[in-house]
Amino acid sequence: MARWCARNGWPVHPLAPNSKIPAANCDACRTGTHSPRQCPCRAAGRWCHGFHAATTDPARIDAWWGSTPGLGVGVSCGPAGLVVIDVDAHQVPVPDRDRLLPGIPIHESIDLTGLASGFDTLALLAAYREHPDPAQDASTLRIRTPSGGLHIWYRTTRAEARYRSSTGSSTKVALAWQVDVRAEGGYIVAPGTRTPAGEYRAIGTTRLPAPLPTWLAAELDRTGHPVTPPPTKVARSPRAAAPKASRRALDALLAEVEACAATPEGAGFTEKLNRAAYTAGGLVAAGRAREDRIREVLLAAARSARPRQEHRNATIVASALSAGMLRPLHPRGRS
């Protein structure tokens, strides 16, 4: 399996026998503190530091698994260009509905009876966006895990598209509750790997990842998963508001939010406010707007359309603004 993964261009690293965790470091790496990138073990052909040691070199792969055939196989997702949706089915208490789909408030009228796992929240997200459930996507490689979860493998289609890993329990960056993302800075267990609980087993007939669906890429963007360089800090007057070019980028979105006042229901208010706040967050991160003033503008627009739900409005704005601030936005034009 390690050789098969490497032939597909996916760097692999050993997992401990009968385990899903990386094989142990050598004594020096276990007790010493140093950067994995500067570790001499990698140059010497050893597997210290987990996915940092991942390789597609056939000779090294033969040496590792040839000397210890019981090793499992891990795939370093970032260098492989993979984004894996890791759906969990843990028996844990279900959180409040505002934490099920970060940035998407779920109205009290929606019956969530029976919702118990990541399979449910991923299906809910797909239904909300009017797309098929990725857990049922037979066009891509899907791996059933020993614990009853599912790994849905996708490949990125844009050279510049890099996404960070996340956990479904995160309050900062998460796709959905009990839905983890394995990407840059993470690894995934390759099919065929065995643990005491069972085997990571491919289901269906597809054995290669399909391109990441556009709508899922948009959701990863919205929830703060893109890996981007930190924004350049710009010296600015403390009284400066959003520049004109930045305000123009928001004007149309804010107008859509305010126009919802004429339609009490079915106007897509939540989605429109979410989009405006996410865009505003990108402008803040790029140094083109002040967070406090932009927040006031967003809340005022929301209040004009839905004056009786200020708490919900504030929740939508806070979540989407935070997500947008992880991805700086530089609109065209001069301010």
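For the structure given in this document, a descriptive report is provided here.

Scoring rules and cut-offs
Residues numbered from 1 in each chain as written. Predicted model: local features only at pLDDT ≥ 70, side-chain atom pairs only at ≥ 80, totals over all residues. Heavy atoms only, no water. Helix = DSSP H or I, 4+ residues; strand = E, 2+ residues; numbered from the N terminus. Buried < 20%, exposed > 50% of the residue type's maximum accessible area, 1.4 Å probe, protein only. Contact = heavy atoms within 4.5 Å. Areas by Shrake-Rupley, 256 points an atom, 1.4 Å probe, with all protein chains shown as cover. Arc of directions from axis to C-beta. Polar contact = N/O pair within 3.5 Å; in protein donor to acceptor, adjacent residues only side chain to side chain. Pairing = 2+ DSSP bridges. Axes fitted to C-alpha atoms, helices over the stretch in contact; angles between N-to-C directions. Parallel < 35°, antiparallel > 145°, perpendicular 65-115°, else oblique. Left-handed = near helix turned anticlockwise from the far one by under 90°. Nonpolar A, V, L, I, M, F, W, Y, C, P; charged D, E, K, R; others polar. Disulfide = S-S within 2.5 Å. Core = buried A, V, L, I, M, F, W, Y, C linked by side-chain atoms within 4.5 Å. Phe/Tyr/Trp six-rings, centres within 6.5 Å; stacked < 30°, edge-to-face > 60°.

1. Here's the deal with the overall build of the protein
Scanning the protein from N- to C-terminus turns up 11 helices and 11 strands. Buried positions account for 46% of the 335 residues belonging to the protein. In the protein, 72% of the contacts between residues at least 6 apart in sequence involve partners at least 24 apart. Here the protein displays about 16900 Å² of accessible surface, and carbon together with sulfur accounts for 52% of that area.

2. Re helix α6 (residues 118-128)
Turn by turn, an α-helix covers 3.6 residues, leaving residues three or four places apart pointing in a common direction. Within α6, the full set of buried residues consists of G118, T121, L122, L125 and A126. The buried residues of α6 occupy one face: seen down the axis, they fall within an arc of 140°. Those residues of α6 hidden inside the fold are in contact with β3 (82-87), β5 (150-155), β6 (179-182) and α7 (214-222). At the N-terminal end of α6, a side-chain oxygen is found 3.2 Å from the backbone nitrogen of F119, two or three residues along, and the residue is S117. Two residues or fewer after α6 comes E130, characterised by a positive phi angle close to 60°.

3. Considerations on the sheet that holds strand β2 (residues 72-76)
Strand order in the open sheet formed by three strands is β1-β2-β7, with antiparallel pairing between adjacent strands. Because the sheet does not close on itself, it has two edges, and the strands there are β1 (12-15) and β7 (187-189). Between one strand axis and the next, the sheet turns by 35° as a mean value, whatever way the strands run. Sheet topology note: the β1/β2 ladder contains four bridges and is antiparallel.

4. Section: the packing of helix α9 (residues 269-285) against helix α11 (residues 310-324)
The geometry of α9 relative to α11 is characterised by a closest axis approach of 7 Å and an angle of 40° between their N-to-C directions. By the criterion of interaxial angle, the relationship of α9 to α11 is oblique. Like other packed secondary-structure pairs, α9 and α11 cross with a definite hand, here right-handed. Contacts between α9 and α11 involve F269, T270, L273, N274, A277, Y278, A280, G281, G282 and A285 from the former and R312, N313, I316, V317, A320, L321, A323 and G324 from the latter.

5. As for the packing of helix α10 (residues 291-305) against α11
At a closest axis distance of 10 Å, the pairing of α10 and α11 adopts a crossing angle of 140°. Here α10 is positioned oblique relative to α11, judged by the angle of their axes. Crossing of α10 against α11: the hand is right-handed. Taking contact as the criterion, the partners of E291, I294, R295, L298, L299, A302 and R303 in α10 are, on α11, E310, N313, A314, V317, A318 and L321. Taken together, the residues of the contact of α10 with α11 break down into eight nonpolar, one polar and four charged.

6. A few points about the state of the cysteines
Applying the stated criterion across every chain yields a total of zero disulfides. Counting only cysteine sulfurs, C29 is the nearest neighbor of C41, a cysteine outside any disulfide, at a range of 3.6 Å. The class for C41 is buried, based on a relative accessible area of 3%. Note on C77: no disulfide assigned, nearest cysteine sulfur contributed by C5 at a separation of 11 Å. Overall, the relative accessible area of 0% leaves C77 in the buried class.

7. Let's talk about unusual backbone geometry
Phi at N18 is positive, roughly 60°, even though this residue is not glycine. By the element assignment, N18 lies in the loop between β1 and α2 (27-31). Look at Q178: it is not a glycine, yet its phi comes out positive at around 60°. Topologically, Q178 is positioned in the loop between β5 and β6. Take Q178: its relative accessible area is 5%, and that puts it in the buried class.

8. Let's talk about the nonpolar core
One finds V83, I85, I152, Y163, L175 and L212 to be the most contacted residues of the largest nonpolar core, which totals 31 residues. At the level of elements, β3, α6, β5, β6 and α7 are the ones that each hand at least two residues to this core. Tallying contributions element by element places α7 first for this core, with four residues. A6, A53, I61 and W64 belong to the second largest nonpolar core, which has 26 residues in total.

9. A look at the packing of aromatic side chains
In this structure the tally under the stated criterion is four aromatic pairs. Taken together, a centroid distance of 5.4 Å and an interplanar angle of 50° make the contact between W10 and W153 tilted. Within this pair, whereas W10 is found in the loop between α1 (2-7) and β1, its partner W153 is found in strand β5, the two being separated by 143 residues in sequence. In this structure W10 comes out as buried when scored by relative accessible area, which is 5%. Each ring, one from W64 and one from W65, has its centre 6.1 Å from the other, and the planes form 55°; the classification is tilted. For W65, a relative accessible area of 12% translates into the label buried. One aromatic cluster is present, built from ring pairs that chain together W4, W10 and W153.

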